[in-house]
Structure formats: structure tokens, C-alpha cells
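Analysis of the macromolecular model
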Amino acid sequence: MTPIQWTYLIFGIVIVLALIFDLGLFSKKGQKTSLKTAFWQSIFWIGLSVLFFGFMWFEDGANTAVSFMSAYLMEKSLSMDNIFVFILIFSFFKVKEENYSRVLLIGILMALIFRAIFISVGVVLINKFHWILYIFGLFLLYTGIKMFKANPEDEFKPEENMAYRFMYRYMRVTTEEPKGRFTIRRNNKVYLTTLSVVVVMLAVTDIIFALDSIPAVFAISQQPVVIYTSNIFAVLGLRSLFFLLRGAVDKFDYLPQGIAVVLIFIGLKMLADYFIHIPVYVSLIVIVLCLGGSILYSLYHQKKGLPEGEVK
């Protein structure tokens, strides 16, 4: 077997075992997830990714391993922005805490399937039409500038989401208390509960975010093994990250600006690739500095819009 084949094999084994853990141990029905549990689960997923990084370094070489870690950090940072939207969706539908884990798990599994399809299509298109990378570059540059200049008061409104409007207009949806169920039968008719609506909205939201994150990963590496593994590792840790961050939504005010700078850099890197090749370790350094800097700046500076002297 070639090194890449070994990497795919080990990756497949790790993912299967991780999902068994997630389905069996981390997702018991009706169980609430404490902050302490979420912290250790996050450590578990991050540790698993770091171990896989070490394996890739040994099996596939330093360049592939660094590309993986750069892409993973890129995906992880964009996932944090994704999580804040998830929190708003759960709050809007008043989902009970004991249902969080199962709803998130199903939404994330759907996101994994859609991302795998997007990545496969992207790999085929880039192999046939390499110039698509420059379109990706322009798109990331535009997205980064738009995100950097975004008004923090322009909050995501779940009721304006296209999935929400479609389901309530064309499907049978009940606002009856779901009691952990995704469907309810009434008068020989099956109705979707709000939990089903939330699951679909989580998957659609992730698809929208994937339109930014997947092109960004293509800018770091065009190796399918790097793109697939970094995306899936980042998505697998979303659920524990949700529970870890839901109490700290307002503590990362400047994270979007940090992510925006990374997207602008990645977009410029893609556009400049024809003239100059920027080493992958430079991307890793920029990602770490921008994300780390924006998080530290958020923690040590006052929340935007609060009167001076008022504490968060």
C-alpha cells in the first residue's frame, strides 16, 4: 500500500471509532452536557486531530502534515462562527437542553455528507479547470472584506432562513411540544416537529458556511487527502465546541475580524499563486497569529457598544 492509501485506511478506522464513541458514549438520549464534559470532549477531538497530524508527518511527509494542520485550523476557526449561529437557532426554537446532543449529532452527520459531496465536486472541477481557483480567490477576498466590514448588530434571523420558510410553507410542521421526537402522528398524518426543522436548519447553515471554508482549504492544498481529513476532523468536533462556547457567545467580539483577515490572505494567496508560491507554513503562521490575536484582543477589550466602565 502507498503512504496515501495507509493514511486513508487509518483515517477511516479513526472516524469509525470516533463515531462509535460519539453515538454511544457522548450522545445518550436526554442527557445534558456540562461545561466540564464539553471541555474534555473538545480536548479529545483536538487531541485526535493532533495525533493524526503526527501520523501524516511520519507517513506522508512534513509538507502534507502542515497542510493538514493549516486546513484544520482554518476549518475550526470558521466552525466557531458557525457555532454562534447554531446557538441562535437553538435559542429561537427554545430547544430543551436534553435534546441538544441528538439534534446536533444528526445535523452534523448531514453536514458531513454534504461536505463530502462538495469536496468531491470541487476536486473534479479543479482537476479539469484549474482557473476555478482564481474564482475561489476572488470569492474569498470579497467574503473576507464583507465579513471585516460587517455590522455586528446585523444578527442572524432564523425566521428569514430559506430552510425555515420552505419547511413551514410546503411541509406539515407542528409547534406542539416535541418531547424529544422528530415527527408526530396526528389524525393519520405525520407532522414534523420543531426539532426536525432545527436539524435541517443546522445542515443548511453548515452548507452556507462550507461555501467559504472549502474554497479556503483548496487554497491551502489541492490534495484530496488533506481536504477530506481536515474538513471531517473539524466538523466532528463541532458538537463539543457548541457546548463549550454557548456560554461565551459575547466574549469573542473580534473573532469575525480575525477570520476575515485570514480569508483575505487566503484569497490573495490564491490570486498570486500564478506569480509567486507562498509556502504552506506561512499560511499556518498567518492563521495562528490572526485567530490567536483576535481571540486575545476580544478577551482583553471591552464589548462593542457597552458604555465605558461596564463589564461584560
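Residues numbered from 1 in each chain as written. Predicted model: local features only at pLDDT ≥ 70, side-chain atom pairs only at ≥ 80, totals over all residues. Heavy atoms only, no water.

Turning to the overall build of the protein chain, a few remarks are in order. Helix and strand content of the protein chain: 11 helices and 2 strands. Buried positions account for 48% of the 312 residues belonging to the protein chain. Pairs at least 24 residues apart make up 79% of the contacts formed inside the protein chain by residues separated by at least 6 positions. For the protein chain, the computed accessible surface area is about 16000 Å², with 67% contributed by carbon and sulfur atoms. (Helix = DSSP H or I, 4+ residues; strand = E, 2+ residues; numbered from the N terminus. Buried < 20%, exposed > 50% of the residue type's maximum accessible area, 1.4 Å probe, protein only. Contact = heavy atoms within 4.5 Å. Areas by Shrake-Rupley, 256 points an atom, 1.4 Å probe, with all protein chains shown as cover.)

Core analysis: the biggest nonpolar cluster contains 89 residues, and Met74, Phe90, Phe218, Phe242 and Ile266 have the highest contact counts within it. Here this core gets 16 residues from one element, more than from any other, and that element is helix H3 (residues 62-92). (Core = buried A, V, L, I, M, F, W, Y, C linked by side-chain atoms within 4.5 Å.)

What follows is about the pattern of salt bridges. Evaluated as defined, the whole model comprises 3 salt bridges. The shortest N-O distance in the salt bridge between arginine 115 and glutamate 75 comes to 3.0 Å. With arginine 115 in helix H4 (residues 100-128) and glutamate 75 in helix H3, this residue pair connects regions lying 40 residues apart in the sequence. Residue classification places arginine 115 among the buried positions, given a relative accessible area of 5%. Between glutamate 176 and arginine 186 there is a salt bridge, and its shortest N-O distance comes to 2.6 Å. Placement of the pair is glutamate 176 in the loop between helix H6 (162-170) and strand E1 (183-186) and arginine 186 in strand E1, with a sequence separation of 10 residues. (Salt bridge = Lys/Arg side-chain N within 4 Å of Asp/Glu carboxyl O.)

Let us look at a nonpolar patch on the surface. Where nonpolar side chains cluster on the molecular surface, the patch consists of Ile113, Phe114, Ile117, Phe118, Val121, Leu125, Phe129, Trp131, Ile135, Phe139 and Leu211 and spans about 980 Å² of accessible area. Every element with two or more residues in the nonpolar patch is listed here: H4 and helix H5 (132-149). The element contributing the most residues to the nonpolar patch is H4, with 6 residues. In this structure leucine 125 comes out as partly exposed when scored by relative accessible area, which is 35%. (Patch = residues over 30% accessible without salt bridge, like charges linked within 9 Å, V, L, I, M, F, W, Y side chains within 5 Å.)

On to the packing of aromatic side chains. Following the criterion strictly, the structure yields 19 aromatic pairs and no others. Seen from their ring centres, phenylalanine 44 and tryptophan 45 are 4.8 Å apart, and the 70° between their planes marks the pair as edge-to-face. In this structure phenylalanine 44 comes out as partly exposed when scored by relative accessible area, which is 27%. Both rings, one in phenylalanine 90 and one in phenylalanine 242, keep their centres 5.0 Å apart while their planes meet at 50°; by these two values the pair is tilted. Of this pair, phenylalanine 90 sits in helix H3 while phenylalanine 242 sits in helix H9 (residues 238-245), and the two are 152 residues apart along the sequence. Owing to a relative accessible area of 1%, phenylalanine 90 belongs among the buried residues under this scheme. (Phe/Tyr/Trp six-rings, centres within 6.5 Å; stacked < 30°, edge-to-face > 60°.)

Here we take up the pairing of strand E2 (residues 189-192). Successive residues of a regular strand alternate their side chains across the two faces of the sheet. In the sheet, E1 pairs with E2 via 4 bridges, with the strands oriented antiparallel. Paired with arginine 186 across the two strands is lysine 189, which belongs to E2. Count of turn residues in the E1/E2 antiparallel hairpin: 2 residues, of which asparagine 187 carries a positive phi of about 55°. (Pairing = 2+ DSSP bridges.)

With that out of the way, let us pick up the confidence of the model for the protein chain. With 88% of its residues at a pLDDT of at least 70, the protein chain reaches an overall mean of 79. Confidence drops under pLDDT 50 across residues 304-312; counting only partners more than four residues distant or on other chains, this segment forms 16 contacts. (pLDDT = per-residue confidence, 0-100.)

Further remarks concern the side chain of threonine 194. As for its placement among the helices and strands, threonine 194 is situated in helix H7 (residues 194-220). Overall, threonine 194 belongs to the buried group, its relative accessible area being 12%.

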